[in-house]
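# Descriptive structure summary
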Amino acid sequence: MRAYERFLNYVKVYTTSDPDSNTHPTTARQFDLAHMLCKELAGLGLADARVDEHGYVYATLPATPGYEGTAGLGFIAHMDTSPDTSGENVCPQLQENYDGGDVTLPATGDVMRVCEFPFLAEMKGQTLITADGTTLLGADDKAGVAEIMTMVERLRAENRPHGKICVAFTPDEEVGQGADLFDVEGFGATWAYTVDGDDVGEINYENFNAAGAVVKVHGFSVHPGSAKNTMRNAQNIAIEFHNALPAFARPEHTEGYEGFFHLCSMIGDVTEAKLGYILRDHDAARFEARKAQMQHIAACLNDKYGDGTVEVELADSYRNMSAQIEPHFHLIENARAAIRAAGLTPIETPIRGGTDGATLSYKGLPCPNLGTGGRNFHGPFECITVEKMDQAVEVLLNLADLYKDRA
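For the structure given in this document, a descriptive report is provided here. Treat the numbers as computed from the prediction; the structure is a model and nothing was measured.

### Notes on the overall build of the chain
When helices and strands are counted, the chain shows 10 helices and 17 strands. Whereas a compact globule of 407 residues would reach a radius of gyration of roughly 22 Å, the chain reaches 24 Å, a difference of no more than 12%. If you line up the chain on its principal axes, its C-alpha atoms span 85 × 50 × 40 Å. For the chain, contacts bridging at least 24 residues in sequence account for 79% of all contacts bridging at least 6.

### Considering the packing of helix 5 (residues 234-244) against helix 6 (residues 284-305)
The geometry of helix 5 relative to helix 6 is characterised by a closest axis approach of 10 Å and an angle of 140 degrees between their N-to-C directions. Considering the angle they form, helix 5 stands oblique to helix 6. The handedness of the crossing between helix 5 and helix 6 is right-handed. On the side of helix 5, the interface is formed by Ile237, Glu240, Phe241 and Ala244, while helix 6 contributes Met294, Ile297, Ala298, Leu301, Lys304 and Tyr305. The class makeup of the residues in the contact of helix 5 with helix 6 is 8 nonpolar, no polar and 2 charged.

### What to know about the nonpolar core
Within the largest apolar cluster, 68 residues are counted, with the highest numbers of intra-cluster contacts made by Phe7, Phe75, Ile148, Met151, Ile165, Phe169 and Tyr193. Core analysis: the next-biggest nonpolar cluster, separate from the first, contains 20 residues, Ala234, Ile237, Leu275 and Ala298 among them.

### Details of the sheet that holds strand 12 (residues 260-268)
Read from one edge of the open sheet, 4 strands run 12-13-11-14, paired in antiparallel fashion. With one partner strand each, in any of the chains shown, strand 12 and strand 14 (310-318) form the two edges of the open sheet. Adjacent strand axes in the sheet meet at a mean angle of 15 degrees, parallel and antiparallel pairs treated alike. Here 8 bridges tie strand 12 to strand 13 (residues 272-281), and the two strands are oriented antiparallel to one another. Paired with Leu263 across the bridge in strand 13 is Tyr277. In the packing of helix 5 onto the sheet, contacts are made with strand 11 (209-218), strand 12, strand 13 and strand 14, and the angle to strand 13 comes to roughly 15 degrees.

### Here we look at the sheet that holds strand 15 (residues 347-348)
If you walk across this open sheet you meet the 8 strands as 1-2-8-3-9-16-10-15, and the pairing is mixed. In the strand order of this sheet, the two ends are held by strand 1 (50-51) and strand 15, each with one partner. Lying on the sheet, helix 3 (residues 139-157) is in contact with strand 2 (57-61), strand 3 (73-78), strand 8 (165-170) and strand 9 (191-197); it crosses strand 3 at an angle near 145 degrees. Its contacts with the sheet place helix 8 (residues 330-341) against strand 9, strand 10 (202-204), strand 15 and strand 16 (369-371), and it is angled at close to 55 degrees to strand 9.

### Some thoughts on the pattern of salt bridges
Taken as a whole and judged by the stated rule, the model has 19 salt bridges. One salt bridge in this structure joins Glu40 and Arg6, with 2.5 Å as the shortest N-O distance. Here Glu40 is found in helix 2 (residues 30-43), whereas its partner Arg6 is found in helix 1 (residues 3-10), with 34 residues between them in sequence. Where salt bridges share partners, they join Arg154, Glu158, Arg160 and Glu394 into one cluster.

### Re the packing of aromatic side chains
By the definition in use, this model includes 12 aromatic pairs. Measuring from centroid to centroid gives 6.3 Å for Phe75 and Tyr193, while their planes differ by 20 degrees, and the two rings are stacked. Residue Phe75 is located in strand 3, and its partner Tyr193 is located in strand 9; the two are separated by 118 residues in the primary sequence. With a centroid separation of 5.1 Å and 80 degrees between ring planes, the pair formed by Phe182 and Phe187 is classed as edge-to-face. The pair Phe182 / Phe187 is uniform in exposure class, with both members buried. Cluster of aromatic residues (ring-pair linked, three or more members): Tyr56, Tyr58, Phe182 and Phe187.

### Some words on helix 2
The terminal C-alpha atoms of helix 2 lie 20 Å apart, and with 14 residues this matches the ideal 20 Å at 1.5 Å per residue to within 8%. For helix 2, the full list of buried residues reads Gln30, Leu33, Ala34, Leu37, Cys38 and Leu41. Relative to the axis of helix 2, the buried residues are bounded by an arc of 140 degrees and lie together on one face. Looking at helix 2, the residues exposed on the side facing more than 90 degrees away from the buried face are Lys39 and Gly43. Structurally, helix 2 contributes buried residues whose contacts are with helix 1, strand 1, strand 2, helix 3 and strand 8.

What counts, and where the lines are drawn
- Residues numbered from 1 in each chain as written.
- Predicted model: local features only at pLDDT ≥ 70, side-chain atom pairs only at ≥ 80, totals over all residues.
- Heavy atoms only, no water.
- Helix = DSSP H or I, 4+ residues; strand = E, 2+ residues; numbered from the N terminus.
- Rg over C-alpha atoms; globule rule 2.2 N^0.38 Å.
- Contact = heavy atoms within 4.5 Å.
- Axes fitted to C-alpha atoms, helices over the stretch in contact; angles between N-to-C directions.
- Parallel < 35°, antiparallel > 145°, perpendicular 65-115°, else oblique.
- Left-handed = near helix turned anticlockwise from the far one by under 90°.
- Nonpolar A, V, L, I, M, F, W, Y, C, P; charged D, E, K, R; others polar.
- Core = buried A, V, L, I, M, F, W, Y, C linked by side-chain atoms within 4.5 Å.
- Buried < 20%, exposed > 50% of the residue type's maximum accessible area, 1.4 Å probe, protein only.
- Pairing = 2+ DSSP bridges.
- Salt bridge = Lys/Arg side-chain N within 4 Å of Asp/Glu carboxyl O.
- Phe/Tyr/Trp six-rings, centres within 6.5 Å; stacked < 30°, edge-to-face > 60°.
- Expected span 1.5 Å × (residues − 1).
- Arc of directions from axis to C-beta.

The structure is reproduced here in structure tokens:
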């Protein structure tokens with residue numbers, strides 16, 4: 001079975017995660033795909049395939065004779081889809097021999113234009129897969145799931161020699177919890193790859209350092225008719241705080257390695273106001289400087305309006321995986337070789353976000369990220385092609401071959 005055939009089955013399973021849930025997984029529906037995948041893995045001969053109580057799927061493909069001494073190589077993808085756009089009742093659409101032009105989604109009439117998404121022209125002649133416009137497609141990351149499953153099937157069906165291959169499919173990646181309860185020791189791999197990136201041939205081994213910040217402002221309310229020199233309007237002080245941050249260090253003005261302050265939420269009245277931020281930077285020193293800058297602004301406002309007027313609560317979310325990958329740079333060198341062997345040119349880009357691989361790398365499982373072939377994740381214009389999925393499978397097979405002799 002080709003990867004896209006599996007993919008078309010997986011995207012029809014509703015697995016959207018929930019950022020407001022306190023359960024693990026955050027939605028019980030993720031078990032539906034987990035159990036489906038476990039059964040499929042067992043059918044492929046992975047006798048230890050299992051789903052744990054938190055919705056994680058694990059399985060091991062034992063090494064072929066003569067390669068039992070090699071280190072375990074892992075491949076990981078996530079089952080959930082983004083809560084940003086509906087993932088229920090996905091209706092995939094296939095366009096064979098795509099002409100490389102604008103794409104009209106049939107259920108809504110929305111048009112995905114080449115002038116906005118120039119990568120579409122590169123897909124000319126391929127079989128394009130989209131949703132119908134009412135939902136996302138689910139290539140993030142059911143494409144990765146399908147590609148890993150297809151790699152496993154081909155390793156067995158084609159009797160390819162290989163070392164121990166460890167497979168895992170995780171819940172809740174889209175709400176930042178995909179690696180939280182991952183059983184690294186039980187997984188059994190020495191190193192691994194997440195298969196959760198954009199275009200096939202992509203390699204990611206750098207991501208943002210990330211933190212969340214909550215700014216609380218305490219004001220003082222009196223009747224506006226007698227407010228002079230007495231009222232402290234918490235909303236105005238909150239605006240003053242925000243305006244003290246650099247205006248061009250926002251997501252809408254940054255790219256590449258440029259970090260940012262992102263105001264995600266704001267609520268308040270005269271008495272109390274609250275601002276919610278995320279802070280991001282690839283460079284660890286600049287990341288710490290961003291946190292210090294927020295504390296400095298709060299201190300200045302407290303000098304102006306009185307102690308305790310502004311409070312800043314900072315909480316780190318994840319760190320740049322590069323420091324954990326660099327001692328194992330064979331992972332990147334072999335990924336480059338595997339991509340070239342598939343007839344592609346490696347694309348190395350920093351992730352302007354996070355990845356399960358970052359958390360796993362700091363848990364002792366060095367884990368860069370590979371592209372799936374999907375584009376426009378998290379929205380109704382999400383797409384992928386049959387051919388790019390086939391190429392991604394070839395990359396994974398090439399990696400299995402490159403690691404079969406590595407102890």
